[in-house]
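A structural walkthrough
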Amino acid sequence: MTIDYSKYPDEHGHFGPYGGTFAPETLMAALEQLSQEYASVKNDPDFLKELAEDLQNYVGRPTPLYYAKRWSESLGGAKIYLKREDLNHTGAHKVNNAIGQALLAKRLGKTRIIAETGAGQHGVASATVAARLGLECVVYMGADDIVRQAPNVMRMKMLGATVIAVESGSRTLKDALNEAMRDWVTNVDDTFYIIGTVAGPHPYPAMVRDFQAIIGRETKQQSLTQEGKLPDVLIACVGGGSNAIGLFYEFLGDDSVKMVGVEPGGLGLETGKHAAPLCKGSPGVLHGNRTYLMQDENGQILGTHSISAGLDYPGVGPEHAWLKDIKRVEYVSIDDEEALQGFRDLTKYEGIIPALESSHAIAYATKLAPTLSKDQVIVVNLSGRGDKDMNTIAQIEGFEV
Amino acid sequence: MSRIQQKFDELKRVGKTALIPYITAGDPEPNATIDLMHLLVQKGADMLELGVPFSDPMADGPVIQKAVERALRHNVSLDDVLEFVRVFREQDSETPIILMGYLNPIEAMGYEAFANAASSVGVDAVLTVDMPPEESQGYLQALSTHELDRIFLVSPTTPESRLKSVNEKGSGFVYYVSLKGVTGSKELDTADVANNMARLQAKLKIPIGIGFGINNGPMAFEMAKLGDAVVVGSSLVKLIEANESKGRYDIHLAIGEKMAEFRHAIDRADALKGQE
């Protein structure tokens, strides 16, 4: 049976049993308004033109599809291409979505934007677009993440955003999301919440996906031009899953294209210290949607661990949950050590310093490429650059910054 | 007729507004909860709202977040909460009990298994913060099969169009969230609540309880003039936090005093209403 992926989610935000709108009552009217506004702009030529111009002239799109020749040859298998989202303004794919939502915020007459952030890339992207549009910006960030992603915290502050350290719970991304929700409930009249990933209540998972889908649309054209065919395998890291769905979405109907989402295995899936709900979790409801979660038998959300702050989240976007169940996308895990090796490899062979998040996808490519033939093509989404991770890397490698 | 409906009918006959205190089950530790429930009833509670601890209470302010953390330090689960209710019912078969919490612990147990267990231990109603009417089909079916009341929240931002589904799907009472914000927020605007209550009373067919931000006697007095029930939570939970290190006697003393303040204020409002 052929699935028409463009028909998902349904009008209430469901991807099969996943997604939906599990939000406190105070937000229901705002979510309804957002759904209507988004439905009206997503085919509006004026809106799409403004977005396209911003993506071209402000963000710097299209980003290249780069053949990593030396790295591919070192592995002795498939040709690996990198979709260079790290070359976007602000250094990651996050800005594709932040630009889109900020334009919506402006249309809705909101004067204040809030965002949650893990690695800080979405926070930086939100602070950037807020500065450009003259909007007030408040970013919630786990206290632990503030320490490990200090360069991004400085950038947000320089851009005029207020960064609020979240001390509750596990002091990471999930707690930042809780706190942003609390802010939104309180300030719903003048505030637009720019969620940075394909999770949260409807319409966020669909809306963020649509804003990120430009990654896959460009990749398809570029692959056809550069290789004369579609890629054989797409690989992307999955925390909430926005860069992965951004790359995958355009290809979901292309049966020949295999897709792999790489979750953070942390210290190893068997240790319990990871952030891989698709590999090791079970369905539940958190942050406004039903999806796979890391939880105990009583439905309490478990603490997560990943070397990368951007993937350190116990849930995942509902569309990924569905794509897993219907077996359209395969989900695997890469542990901290393997991700670090991926980071080192790409830096050494290609002179590209990847984000620790993207290093998970790179590490999986190093495993997969040697098993494929030389005429096969892998595309790895290089979702962000690694400058922000210098503190973490320096500590691990034992050199002073 | 449900125990909640019975209670509202009874209170209406004597011209009284219900006082519904909230505590988080298992706060500050599991052994404290059942005694606290009895204490609240002795001090004038008409119904009890028992919070089910959840690791990510995104609609709660810092006071209740900390209460939840205290309870979760003892791994208090939904099963444990149901057990508290069962033991409470051995001595009190009359005071209605409302469970308030988030959906995921109920999902983990399964709607049917939860509703069956809750009903059999003597729970009367369930309020799930992140379960709006739109998503609630299977959940409502399980609750109504087991004769549990389904309480929904209504907020200052709830449009008329959504009140219809609350009317159709809710039972027991409607919980009016009196401010835009999380539990325990300040700045409750009496005039704003009055306007909204007038709008709701014209549309809703079941009693309306008011909660969020009611933290002292004067505020409870104003709210009792407007609603059928007044829900108080964070101000009580704060006293548990403040007296935790001193022990059970001090917690009970402080809670008793605060409850007397609320009860007195509500009775005064009821007396005034009676004179009108």
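Residues numbered from 1 in each chain as written. Chains lettered and ligands numbered in written order. Predicted model: local features only at pLDDT ≥ 70, side-chain atom pairs only at ≥ 80, totals over all residues. Heavy atoms only, no water.

**Here's the deal with the overall build of chain B**
For chain B, the helix and strand inventory stands at twelve helices and nine strands. Oriented by its inertia axes, the alpha-carbon framework of chain B measures out at about 45 × 45 × 35 Å. Considering chain B as a whole, with its 276 residues, one finds that 62% of them fall into the buried category. Within chain B, contacts between residues separated by at least 24 positions form 73% of all contacts whose residues are at least 6 apart in sequence. On chain B, roughly 10700 Å² of surface is accessible, and the fraction owed to carbon and sulfur atoms is 47%. Positive and negative charge centroids in chain B, built from 28 and 39 side chains respectively, lie 5 Å apart. (Helix = DSSP H or I, 4+ residues; strand = E, 2+ residues; numbered from the N terminus. Buried < 20%, exposed > 50% of the residue type's maximum accessible area, 1.4 Å probe, protein only. Contact = heavy atoms within 4.5 Å. Areas by Shrake-Rupley, 256 points an atom, 1.4 Å probe, with all protein chains shown as cover. Lys, Arg positive; Asp, Glu negative; His and termini not counted. Charge placed at Lys NZ, Arg CZ, Asp CG, Glu CD.)

**Some remarks on the pattern of salt bridges**
Applying the stated criterion across every chain, the model contains 52 salt bridges over all chains. Each of Arg-61, Lys-83, Glu-85 and Glu-218 of chain A takes part in salt bridges that share partners, so that together they form one network. (Salt bridge = Lys/Arg side-chain N within 4 Å of Asp/Glu carboxyl O.)

**Some thoughts on the packing of aromatic side chains**
All names here are of chain A. Applying the stated rule across the entire model yields 14 aromatic pairs over all chains. Summarising the aromatic geometry, the rings of Trp-184 and Tyr-193 are spaced 5.9 Å apart at their centres and angled 70° between planes, so their arrangement reads as edge-to-face. Through a chain of ring-to-ring contacts, three or more aromatic side chains come together here, namely Tyr-5, Tyr-8, Phe-15 and Trp-322. Here Arg-132 stacks its cationic end above the ring of Tyr-58, 4.3 Å away from the centre of that ring. A cation over a ring is seen here: Lys-220 above Phe-251, with NZ or CZ 5.5 Å from the ring centre. (Phe/Tyr/Trp six-rings, centres within 6.5 Å; stacked < 30°, edge-to-face > 60°. Lys NZ or Arg CZ within 6 Å of the ring centre and 35° of its normal.)

**As for helix 10 (residues 217-226) of chain B**
All names here are of chain B. Every buried residue of helix 10 is accounted for by Gly-217, Met-219, Ala-220, Phe-221, Met-223 and Ala-224. Contacts made by the buried residues of helix 10 are with helix 9 (190-203), strand 8 (208-211), strand 9 (229-232) and helix 12 (248-275). The backbone nitrogen of Met-219 has a side-chain oxygen 2.9 Å away, supplied by the residue at the start of helix 10, namely Asn-216. (Polar contact = N/O pair within 3.5 Å; in protein donor to acceptor, adjacent residues only side chain to side chain.)

**Overview of unusual backbone geometry**
Residues Arg-61 of chain A and Pro-62 of chain A are joined by a peptide bond in cis, for which omega reads 0°. Residue Pro-203 of chain A is reached from His-202 of chain A by a cis peptide bond, and omega for that bond is 10°. Topologically, Pro-203 of chain A is positioned in the loop between strand 8 (191-193) and helix 9 (204-212). Even without glycine at this site, Asn-75 of chain B takes up a positive phi of about 55°. Within the secondary structure, Asn-75 of chain B sits in the loop between helix 3 (62-73) and helix 4 (78-91).

**Focus on the sheet that holds strand 4 (residues 79-84) of chain A**
Residue and element names in this part refer to chain A. A sheet is described by the order of its strands in space; here six strands give the open sequence 3-4-14-9-10-13, paired in mixed fashion. Whereas interior strands pair on both sides, the edge strands pair on one side only; in this sheet they are strand 3 (65-67) and strand 13 (330-335). For this sheet the average axis-to-axis angle between neighbouring strands, irrespective of direction, equals 30°. Bridging between strand 4 and strand 14 (residues 377-382) involves six bridges; their strand directions are parallel. Bridging across to strand 14, Lys-79 finds its partner in Val-377. Packing of helix 10 (residues 214-227) onto the sheet brings it into contact with strand 3, strand 4 and strand 14, and relative to strand 4 it is tilted by some 140°. Relative to strand 13, helix 14 (residues 336-350) is tilted by about 85°, and along the sheet it contacts strand 3, strand 4, strand 10 (258-266), strand 13 and strand 14. (Pairing = 2+ DSSP bridges. Axes fitted to C-alpha atoms, helices over the stretch in contact; angles between N-to-C directions.)

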